[in-house]
Amino acid sequence: MRLLVTGGAGFIGSNFIHLLLSERPDWHIVNLDKLTYAGNLENLRDVKDDERYRFVKGDICDEAAVAQAVGGCDAIVNFAAETHVDRSIMEPDAFLRTDILGTRVLLDAARQGKADTLLQVSTDEVYGSIAQGAADETFSLNASSPYAASKAGADMLCLSYWTTYSTPVVITRGVNNIGPYQYPEKVLPLFVTNALDDIPLPLYGDGMQVRDYTFVDDHCRGILLALEKGQPGEVYNIGAGNEMRNIEMARFLLADIGKPESLIQHVKDRPGHDRRYAVDSAKLRKLGWEPHYDAAEALRATIRWYADNRWWWEPLKSRDLYRDYYRRQYEQR
Ligand code: NAD
Ligand code: DAU
């Protein structure tokens, strides 16, 4: 198997590449990544000289770059995206470009037979806020943020290619991932690294929003299973069911690190903030998927990694790029 992984220098993509190199030793991987602020080759420095792995810097919106990278590959797994909801509220443009138009370029590569399958890594955010119960794959799409709308647009485009051209696509919809190598703008790495340095934790609104904090390795194993056993034209939800309120998550991590709850600072809520996400993953479980980390185990493993790997996040948080974003996002809240 020769795989084109797009966005492999980001959080989930780099964890997926690590998983493949250890669990599928005869596979070869090409990683096409634009290296935006969220892309980081340090995530893959331990495998950079592995002969089964090759990095290519490029944009999924660039047809020529995609055509070159996909040459000889059997399948594409698309992680490349703009992914942070708060940034999509500030500046939606890049989200539409990469998440929708970039996916179109990959779909056309698959349609032209340059790869046998495209696995599109999508999100539970496309279902919107779920007041009760859990969304299965037939649930209607009800995106709240420009990020979620862009991902929903890409999902619809993928399904339209299957219906219209029989282009083999499989979609996964994952919940909130936590674990190593997550850019410290997302809540978990932000709160853990702030807590380690005695910086306040900016909790949006009342902090009663619910998220299913699933360990990234469990998500990656679900994506791999969907790639190997999923049916073309089908969607598979991936969530461990680790539901937790944000305020509970913040209290849990402060207790684990040994810091006071007074570090929690309630700040103005996110506009259009979805109250709760919850998916039904029975369809993937039927193919054999099961998560290995419950909420406490996922949180503890994540906290431990950031506590032990300051070399990774301290340079990111000290860049002007990060400080400017932090100021814009939090100063006026
Ligand atoms: P991330 O922001 O950490 O990484 C995104 C990667 O994509 C980066 O390496 C970036 O450089 C690259 N990229 C961005 N634009 C690109 C372009 N035009 N061409 C090529 N590369 C580009 O994201 P993540 O959290 O690892 O998410 C990966 C995928 O999983 C996304 O599609 C996201 O929507 C989806 N997802 C994420 C979560 C989560 O909790 N993080 C949950 C469900 C689904
Ligand atoms: O559900 C899957 C999605 O999870 C992915 O598709 C997205 O790419 C990923 O970013 C994530 O989206 P969220 O908006 O749920 O994640 P985020 O880490 O930004 O926020 C998680 C929760 O924490 C959410 O309820 C908002 C809250 N929050 C977030 C930040 C950044 C805060 O209270 N304070 C913060 O500073």
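What you see is a predicted model, and the numbers here were worked out from it, not measured in a lab. (Residues numbered from 1 in each chain as written. Chains lettered and ligands numbered in written order. Predicted model: local features only at pLDDT ≥ 70, side-chain atom pairs only at ≥ 80, totals over all residues. Heavy atoms only, no water.)

Chemist: Please clarify how the nonpolar core should be interpreted in this entry.
Modeler: Across soluble globular proteins, you tend to see nonpolar side chains buried next to one another. Ranked by internal contacts, the top residues of the largest apolar core, which has 36 residues, are Leu-188, Phe-191, Leu-201, Met-249, Leu-253 and Leu-299. Residue assignment for this core shows that the elements contributing at least two residues are α6 (187-196), β8 (201-204), α8 (246-257), β13 (264-267), α10 (295-308), α11 (310-318) and α12 (320-330). Counting 31 residues, the second largest nonpolar core, distinct from the first, contains Leu-3, Val-5, Trp-27 and Val-47. (Core = buried A, V, L, I, M, F, W, Y, C linked by side-chain atoms within 4.5 Å. Buried < 20%, exposed > 50% of the residue type's maximum accessible area, 1.4 Å probe, protein only. Helix = DSSP H or I, 4+ residues; strand = E, 2+ residues; numbered from the N terminus.)

Chemist: Which parts of the structure should I look at to understand the site of ligand 1?
Modeler: With respect to spatial proximity, 28 residues lie near ligand 1, and among them Ile-12, Asp-33, Thr-83, Tyr-147 and Lys-151 are the closest. Between ligand 1 and Asp-33 there is a distance of 2.6 Å, counted from an oxygen atom to a side-chain nitrogen or oxygen. Asp-59 places a side-chain nitrogen or oxygen 2.8 Å from a nitrogen atom of ligand 1. When isolated, ligand 1 has an accessible area of 840 Å², and the protein chains bury 97% of it. When residues of the shell around ligand 1 are traced back to their parent elements, those giving at least two are α1 (11-23), β5 (117-123) and α5 (146-165). For the shell around ligand 1, the element with the highest residue contribution is β5, accounting for three residues. Class assignment for the residues of the shell around ligand 1 results in twelve nonpolar, twelve polar and four charged. (Near = heavy atom within 4 Å. Polar contact = N/O pair within 3.5 Å; in protein donor to acceptor, adjacent residues only side chain to side chain. Areas by Shrake-Rupley, 256 points an atom, 1.4 Å probe, with all protein chains shown as cover. Nonpolar A, V, L, I, M, F, W, Y, C, P; charged D, E, K, R; others polar.)

Chemist: Is there a simple way to think about the pairing of strand β4 (residues 75-78) in this case?
Modeler: Consecutive side chains along a regular strand alternate between the two faces of the sheet. Of the two faces of β4, the one carrying Ala-75 and Val-77 and the one carrying Ile-76 and Asn-78 are both buried. Two strands pair when backbone bridges link them, and strand β1 (residues 2-6) and β4 are joined in this way by four bridges, in the parallel orientation. Residue pairing for β4: Val-5 is matched across the bridge by Val-77. Pairing analysis gives four bridges linking β4 to β5, with the strands arranged parallel. By the bridge assignment, Ala-75 is partnered in β5 with Thr-117. (Pairing = 2+ DSSP bridges.)

Chemist: What's the story with the environment of Tyr-330 in this structure? I'm lost.
Modeler: Position of Tyr-330 among the secondary structure elements: in helix α12. Exposure remark for Tyr-330: the relative accessible area of 12% places this residue in the buried category. Separated by 268 residues in the primary sequence, Tyr-330 and Asp-62 place their C-alpha atoms 34 Å from one another. Filtering out sequence-adjacent residues up to four positions away, Tyr-330 remains in contact with Glu-185, Leu-190, Pro-202 and Tyr-204. (Contact = heavy atoms within 4.5 Å.)

Chemist: In this structure, what is going on with the pattern of salt bridges? I would like to understand it.
Modeler: Oppositely charged side chains may form a pair once their charged atoms are brought near each other. One pass over the full model with this rule turns up 25 salt bridges. Here Arg-221 ties to Glu-23 by a salt bridge, and the two come within 3.2 Å at their closest N and O atoms. A residue pair is termed long-range when its members are at least 10 positions apart, and Arg-221 in helix α7 (residues 216-229) and Glu-23 in helix α1 qualify at 198 residues. By relative accessible area, Arg-221 is classed as partly exposed at 27%. Look at Glu-23 and you get partly exposed, because its relative accessible area is 35%. Across the pair Arg-111 and Asp-108 runs a salt bridge, and its minimum N-O distance is 3.0 Å. On the criterion of helical spacing, the pair formed by Arg-111 and Asp-108 is a turn pair, its members being three residues apart in helix α4 (residues 93-111). Salt bridges sharing partners connect three or more residues here, namely Glu-63, Arg-104, Asp-108 and Arg-111. (Salt bridge = Lys/Arg side-chain N within 4 Å of Asp/Glu carboxyl O.)

Chemist: I tried to follow α7 on my own but got confused; where do I start?
Modeler: The end-to-end C-alpha distance of α7 is 20 Å, a good match for the 20 Å that 14 residues give at a rise of 1.5 Å each. For α7, a buried count of ten out of 14 residues is recorded, marking the element as mostly surrounded by other parts of the structure. Of the residues making up α7, those classed as buried are Val-216, Asp-218, His-219, Cys-220, Gly-222, Ile-223, Leu-224, Leu-225, Ala-226 and Leu-227. (Expected span 1.5 Å × (residues − 1).)

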